Amino acid sequence: MAETGSKWWGLRKLGLILVIFLGVASVLVSAERTLKEESSSHNRSREVEPSLMTKVVNFLWDPSLSGYEHTWPAMKFGWKIIVGSIIGFLGAAFGSVGGVGGGGIFVPMLTLVIGFDAKSSTAISKCMIMGAAASTVYYNLKLRHPTLDMPIIDYDLALLFQPMLVLGISIGVAFNVIFADWMVTILLIILFIGTSTKAFFKGVETWKKETIIKKEAAKRLESNGHSGEDGEYKALPAGPNDGTNNENKEKEVTILENVCWKELGILFGVWVIILGLQIGKNYTSTCSYGYWILNLLQVPVALSVSGYEAVCLYKGKRVIASKGEEGTNLKVHSLIIYCLFGVLAGIVGGLLGLGGGFILGPLFLELGIPPQVSSATATFAMTFSSSMSVVEYYLLKRFPVPYALYLIAVATFAAFVGQHVVRRLINILGRASLIIFILAFTIFVSAISLGGVGIKDMIEKIEHKEYMGFENLCTYEG
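Residues numbered from 1 in each chain as written. Predicted model: local features only at pLDDT ≥ 70, side-chain atom pairs only at ≥ 80, totals over all residues. Heavy atoms only, no water.

1. A word on the overall build of the protein
Here's step 1: Within the protein, the secondary structure is distributed over 16 helices and zero strands.
Here's step 2: Every one of the 478 residues in the protein was classed for burial, and the buried ones make up 53%.
Here's step 3: Intrachain contacts of the protein at a sequence separation of at least 6 include 83% that bridge at least 24 residues.
Here's step 4: By element, 66% of the accessible surface of the protein is carried by carbon and sulfur atoms, the whole surface being about 21,800 Å². (Helix = DSSP H or I, 4+ residues; strand = E, 2+ residues; numbered from the N terminus. Buried < 20%, exposed > 50% of the residue type's maximum accessible area, 1.4 Å probe, protein only. Contact = heavy atoms within 4.5 Å. Areas by Shrake-Rupley, 256 points an atom, 1.4 Å probe, with all protein chains shown as cover.)

2. Things to note about the packing of helix H11 (residues 298-315) against helix H12 (residues 332-352)
Here's step 1: Viewed as axis vectors pointing N to C, H11 and H12 meet at an angle of 150°, and their least axial separation amounts to 10 Å. With respect to each other, H11 and H12 are oriented roughly antiparallel. As H11 packs across H12, the resulting crossing turns out to be right-handed. For the pair H11 and H12, the contacting residues are Ser-306, Ala-310, Leu-313 and Tyr-314 in the first and Val-332, Leu-335 and Cys-339 in the second.
Here's step 2: Grouping the amino acids of the contact of H11 with H12 by side-chain chemistry returns six nonpolar, one polar and no charged. (Axes fitted to C-alpha atoms, helices over the stretch in contact; angles between N-to-C directions. Parallel < 35°, antiparallel > 145°, perpendicular 65-115°, else oblique. Left-handed = near helix turned anticlockwise from the far one by under 90°. Nonpolar A, V, L, I, M, F, W, Y, C, P; charged D, E, K, R; others polar.)

3. Re H11
Here's step 1: Between its first and last C-alpha, H11 extends 26 Å over 18 residues, near the 26 Å set by a 1.5 Å rise per residue.
Here's step 2: Turning to H11, its buried residues are Gln-298, Val-301, Ala-302, Val-305, Ser-306, Glu-309, Ala-310, Cys-312 and Leu-313.
Here's step 3: Next to the buried residues of H11 lie helix H6 (155-178), helix H9 (261-281), helix H10 (289-296) and H12.
Here's step 4: Gly-316 occupies a position one or two residues after H11 and carries a positive phi of about 85°. (Expected span 1.5 Å × (residues − 1).)

4. Thoughts on empty space enclosed by the protein
Empty space among the atoms becomes apparent when a probe as large as a water molecule is rolled across them.
Here's step 1: Taken as a whole, this structure holds three cavities of 30 Å³ or more when the rule is applied.
Here's step 2: Approximately 230 Å³ is the volume found for the largest cavity.
Here's step 3: Lining the largest cavity are 16 residues; nearest its centre among them are Val-107, Ala-118, Thr-122, Val-184 and Thr-185.
Here's step 4: Elements with a minimum of two residues in the lining of the largest cavity: helix H4 (103-114), helix H5 (118-140), helix H7 (181-223), H12 and helix H16 (433-463).
Here's step 5: Class assignment of the residues belonging to the lining of the largest cavity gives a composition of eight nonpolar, five polar and three charged. (1 Å grid on protein atoms, 1.4 Å probe; cavity = no way out; pocket = protein on both sides within 12 Å on 5 of 7 lines; lining within 4 Å. Points joined across faces, edges and corners; volume = space filled by probe spheres on them.)

5. Brief notes about the pattern of salt bridges
Here's step 1: Applying the stated criterion across every chain, the model contains six salt bridges.
Here's step 2: Glu-205 is paired through a salt bridge with Lys-202; the nearest N and O atoms lie 4.0 Å apart. In this pair, Glu-205 and Lys-202 are both assigned in helix H7, three residues apart and thus about one turn of the helix distant.
Here's step 3: The exposure class assigned to Glu-205 is partly exposed, which follows from its relative accessible area of 27%.
Here's step 4: One network of salt bridges, in which partners are shared, links Asp-156, Glu-263, Glu-309 and Arg-318. (Salt bridge = Lys/Arg side-chain N within 4 Å of Asp/Glu carboxyl O.)

6. Looking at the environment of Leu-407
Here's step 1: Among the structural elements, Leu-407 can be located in helix H15 (residues 401-429).
Here's step 2: Judged by relative accessible area, Leu-407 falls into the buried class, the value being 1%.
Here's step 3: Between the C-alpha atoms of Leu-407 and Ser-125, which are 282 residues apart in sequence, the distance is 8.8 Å.
Here's step 4: Not counting chain neighbours up to four residues away, the residues in contact with Leu-407 comprise Leu-110, Ile-124 and Met-128.

7. Quick word on a nonpolar patch on the surface
Here's step 1: Together, Phe-77, Ile-82, Ile-86, Leu-90, Phe-94 and Phe-441 give the surface a local cluster of nonpolar side chains, amounting to about 630 Å² of exposed area.
Here's step 2: Examining the composition of the nonpolar patch, we find that four residues originate from one element, helix H3 (residues 79-98), more than from any other.
Here's step 3: Turning to its location among the elements, Phe-77 is positioned in the loop between helix H2 (52-60) and H3.
Here's step 4: Look at Phe-77 and you get exposed, because its relative accessible area is 73%. (Patch = residues over 30% accessible without salt bridge, like charges linked within 9 Å, V, L, I, M, F, W, Y side chains within 5 Å.)

8. Observations regarding the environment of Phe-106
Here's step 1: By secondary structure assignment, the location of Phe-106 is in helix H4.
Here's step 2: For Phe-106, a relative accessible area of 0% corresponds to the buried category.
Here's step 3: Separated by 17 residues in sequence, Phe-106 and Phe-89 have C-alpha atoms that sit 9.4 Å apart.
Here's step 4: Those residues in contact with Phe-106 that lie beyond four places of it in its chain are Gly-88, Gly-91, Ala-92, Gly-101, Ser-125, Met-128 and Ile-129.

9. Looking at the nonpolar core
Here's step 1: In this structure, Leu-160, Phe-161, Phe-192, Leu-360, Phe-364, Phe-380 and Phe-399 are the most contacted members of the largest nonpolar core, which totals 105 residues.
Here's step 2: With 15 residues, the top contributor of residues to this core is H6.
Here's step 3: Formed by six residues, the second largest nonpolar core is a distinct cluster that contains Val-422, Ala-432, Ile-435 and Ile-438. (Core = buried A, V, L, I, M, F, W, Y, C linked by side-chain atoms within 4.5 Å.)

10. Considering H9
Here's step 1: For H9, with 21 residues, the first-to-last C-alpha span of 30 Å sits near the 30 Å given by 1.5 Å per residue.
Here's step 2: Restricting attention to buried positions, one finds in H9 the residues Glu-263, Leu-267, Val-270, Trp-271, Ile-274, Leu-275, Leu-277, Gln-278 and Lys-281. Buried residues along H9 cover an arc of 155° about the axis, so they all sit on one side. (Arc of directions from axis to C-beta.)

11. Re the confidence of the model for the protein
Low pLDDT marks regions whose predicted coordinates should not be analysed in detail.
Here's step 1: Within the protein, residue pLDDT values average 75, and 76% of them lie at 70 or more.
Here's step 2: Across the protein, the secondary-structure element scoring lowest on mean pLDDT is helix H1 (residues 2-45), at 50, and the one scoring highest is H11, at 90.
Here's step 3: In this model, residues 27-37 is a region of pLDDT below 50 whose contacts with residues beyond four sequence positions or in other chains number 14 contacts.
Here's step 4: Every residue in residues 228-233 is under pLDDT 50, and counting partners more than four places away or in other chains gives 14 contacts. (pLDDT = per-residue confidence, 0-100.)

12. Some remarks on the packing of aromatic side chains
Here's step 1: Enumeration over the complete set of coordinates arrives at 14 aromatic pairs.
Here's step 2: Taken together, a centroid distance of 6.0 Å and an interplanar angle of 50° make the contact between Phe-89 and Phe-413 tilted. Here Phe-89 is found in helix H3, whereas its partner Phe-413 is found in helix H15, with 324 residues between them in sequence.
Here's step 3: Residue class for Phe-413 comes out exposed when judged on its relative accessible area of 54%.
Here's step 4: Geometrically, the ring pair formed by Phe-200 and Phe-201 is edge-to-face, given 5.8 Å between the ring centres and 65° between the ring planes.
Here's step 5: Using a relative accessible area of 40% as the deciding quantity, one classes Phe-200 as partly exposed.
Here's step 6: For Phe-201, a relative accessible area of 55% translates into the label exposed.
Here's step 7: Pairwise contacts between aromatic rings join Phe-200, Phe-201, Trp-207 and Phe-437 into one cluster. (Phe/Tyr/Trp six-rings, centres within 6.5 Å; stacked < 30°, edge-to-face > 60°.)

This is the structure in structure tokens:
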């Protein structure tokens, strides 16, 4: 119980930091109008020296200024395309295995190698994540859970998180327009260093457990008169009562047998409804009554599905089966926290142009989900959220379609290759912890690369005395 409490305390601290960051940003924006009105009323009578707070707000917010101007290089064959394709291939392969999508590698590649501006890179990154996620989901649809008689994708876990993830994506895309690049950089570094560290220690813990299991298997083989070589790969048990008879390896069945069609239909329905609201929003004036009504209608859609699933989990009508017996004893506060982290993952995904798996992957591992199931379920949820982001960015005219189509093809092929190679390695080495280490490595590399690019851009803007405040969502034009 104490161990579970310490895990949740770490997640809560991380969430609290992000909430405070967003809260301070909101307060500064809302304070702007009041301070400017006070300043203008004083200026009518006499000139006054602006206060420190007024200077800060004027730096962060000026509706007549914008620090964003998109840069779309021409699509022509050359070293940039070749190097970008190689980096994109590796990013998609590693990202799809870890369940994070690879956006932390895509964005620096698109910015530094190919030459897109930061926000266009974010949008194209989402396109690549969508392609990689779709390829990975197709691969996983035929696989079974490593220790239990169920699909490798946990549909009840997806039903709890995916609607909130899609809702968070809509918020994150709006924040991507509003927030200055340096704010995004600070948020990214804090978030990624924290999640990569937690994922790494989780990988070490899983590696130690696997080592114990392999030693016990070797002793059993010796006692039975066999050689002392490692036995056939057996995954770690998913729950306390599953360790006695783990003869199930990941095996392939037909997609028709392995898909939970009812749950998939509900998830697809949520995606269609929210997508329809997003498309309808495109035919209204930004910040008009219709615009905000269509935005707010997404909330009851997402809450109704995730809320119904949470109630069923609490009452025991449904269970998170991939956790074994632990998945049947869920408390109200835990379910609320899960949903909030789903929204947070979507906000981060939409804001940074990354997969929600950067949050969901480490979170699922902390919940005790096996690495293979964690990666597969996070990627499954990301397919819906990333495709939603792609549609929203397309409506905002944030990326060139030909470039996006080419890079989607690269990411799709790379993800399929990455899944196939790593699954083979897991079966040969008997180490599912490889997935966790790949997750931690991908997040850490993303923190270094994205953080480095953000800091470089921030220094350049300071040197050129460019506007570094909030953008105006109501007057934004792609």
